[in-house]
Amino acid sequence: YRDDDDINDVASMAGVNLNEESARIMATNSDLVGTQIQSCKDEPFLAAIPLHKRILEMAKKLGITDVPTEVVTFISHATQNRLRTVIEKVTVITQHRMESYKDDEWYEQATDVRSQLKFFEQLERLEKQRKDEQEREILLKAAKSRSRQEDPEQARLKQKAKEMQQQELAQMRQRDANLTALAAIGPRKKRKLESPGLLTIGGEGLAVSGGSQAGVGAPSSRQYARQKITRVNLRDFIFYMEQERETSHSLLLYRALLK
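Residues numbered from 1 in each chain as written. Predicted model: local features only at pLDDT ≥ 70, side-chain atom pairs only at ≥ 80, totals over all residues. Heavy atoms only, no water.

- Per an unreviewed UniProt entry, the protein chain carries the name TAF4 factor and comes from Pampusana beccarii.
- Taken directly from UniProt, the Subcellular location (unreviewed entry) text for the protein chain runs: "Nucleus".
- Per UniProt, the protein chain has the following entry under Sequence similarities (unreviewed entry): "Belongs to the TAF4 family." (UniProt positions renumbered as here; feature names shortened; annotations may be inferred.)

This is the structure we're talking about:
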């Protein structure tokens, strides 16, 4: 028979022996027993001496003569945290700007400004080519004319036609020389970007060796892992400053907009 106090003993009712569990925990963490754990050294993000001098210069204007080193360390950590926050937000903005919805099935392309610009450039190129052909025909007619009464305009056209023919002849000679040089050099060999014994798929190396099977995910001495680079431009910083309450009306934003 159990006493009434045993009803409140949940461990005994569940069949758990606390002494055995305590001994098992001590045996598992025996390597940590008796060890001394120390915190890492607090290294400031900014140089302490120049930062302390700058803070003292600003504090003297307000009548403060002494600034402890804890304040310098706190300002250094605050600067590091602020810079990390700014970089993270600007990186997100850049990734959103670089994100493409061309292959997304939920989006349909309404306008293509690049194709329109290419079309207008092609029209301008054709119009320029047509004007050049007309001018060339006029110059050729002026060069072939053998009128006895020479006027200054006719002489100018003949001189211009002669210069045009010389320029075309020089361009043909330059083109022939380039083709001859390319034929003498021979076909260009493509540069190999990766080692033939390593195939990189999704950032994991597949080591391939002759006469043996390939090891998936096997460690290799040389792995050509391409790191994705996010390039941030001034427009991303301007967008970030426009969204932030502290910098939306700052002088730095207006200076950036004027660049």
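From this point on, the discussion continues.
### With respect to a nonpolar patch on the surface
- On the surface, Val 113, Leu 117, Phe 119, Phe 120, Leu 123 and Leu 126 cluster together into a nonpolar patch covering about 590 Å² of accessible area.
- Structurally, the position occupied by Phe 119 is in helix H5 (residues 113-144).
- Exposure remark for Phe 119: the relative accessible area of 46% places this residue in the partly exposed category. (Patch = residues over 30% accessible without salt bridge, like charges linked within 9 Å, V, L, I, M, F, W, Y side chains within 5 Å. Areas by Shrake-Rupley, 256 points an atom, 1.4 Å probe, with all protein chains shown as cover. Salt bridge = Lys/Arg side-chain N within 4 Å of Asp/Glu carboxyl O. Helix = DSSP H or I, 4+ residues; strand = E, 2+ residues; numbered from the N terminus. Buried < 20%, exposed > 50% of the residue type's maximum accessible area, 1.4 Å probe, protein only.)

### Considerations on helix H4 (residues 69-98)
- Along its 30 residues, H4 runs 43 Å from first to last C-alpha, staying within 8% of the 44 Å computed at 1.5 Å per residue.
- Restricting attention to buried positions, one finds in H4 the residues Val 72, Ser 76, Val 86, Val 90, Ile 93 and Thr 94. (Expected span 1.5 Å × (residues − 1).)

### What about the packing of helix H3 (residues 48-61) against H4?
- For the pair H3 and H4, interaxial distance at closest approach is 10 Å and the crossing angle is 105°. Taken together, the axes of H3 and H4 are roughly perpendicular relative to one another. Across from Ala 48, Leu 51, His 52 and Ile 55 in H3, the residues of H4 making contact are Val 72, Ile 75 and Ser 76.
- Looking at the contact of H3 with H4, its residues break down into five nonpolar, two polar and no charged. (Axes fitted to C-alpha atoms, helices over the stretch in contact; angles between N-to-C directions. Parallel < 35°, antiparallel > 145°, perpendicular 65-115°, else oblique. Contact = heavy atoms within 4.5 Å. Nonpolar A, V, L, I, M, F, W, Y, C, P; charged D, E, K, R; others polar.)

### Observations regarding the pattern of salt bridges
- Counted by the stated rule, this structure contains six salt bridges.
- Where Glu 135 meets Lys 160, a salt bridge forms, and the shortest distance between an N and an O atom there is 2.8 Å. Taken together, the positions of Glu 135 in helix H5 and Lys 160 in helix H6 (residues 152-185) put the pair 25 residues apart, joining distant regions of the chain.
- Linking Glu 168 and Arg 136 is a salt bridge whose minimum nitrogen-to-oxygen distance equals 2.9 Å. Of the two residues, Glu 168 sits in helix H6 while Arg 136 sits in helix H5, which places them 32 residues apart along the sequence.
- Using a relative accessible area of 31% as the deciding quantity, one classes Arg 136 as partly exposed.

### Some words on H6
- The first and last C-alpha atoms of H6 sit 50 Å apart over 34 residues, in line with the 50 Å expected at 1.5 Å per residue.
- The set of residues buried in H6 consists of Gln 154, Leu 157, Ala 161 and Met 164.
- Summarising the contacts, the buried residues of H6 are in contact with H5.
- Once H6 ends, the next one or two residues include Gly 186, with phi positive near 95°.

### Section: the side chain of Thr 94
- Mapping Thr 94 onto the fold places it in helix H4.
- Given a relative accessible area of 0%, Thr 94 falls into the buried group.
- For Thr 94, the side chain forms a polar contact with the main-chain oxygen of Val 90, separated by 2.9 Å.
- When neighbours within four sequence positions are excluded, Thr 94 is seen to be in contact with Thr 230, Arg 231, Val 232 and Asp 236. (Polar contact = N/O pair within 3.5 Å; in protein donor to acceptor, adjacent residues only side chain to side chain.)

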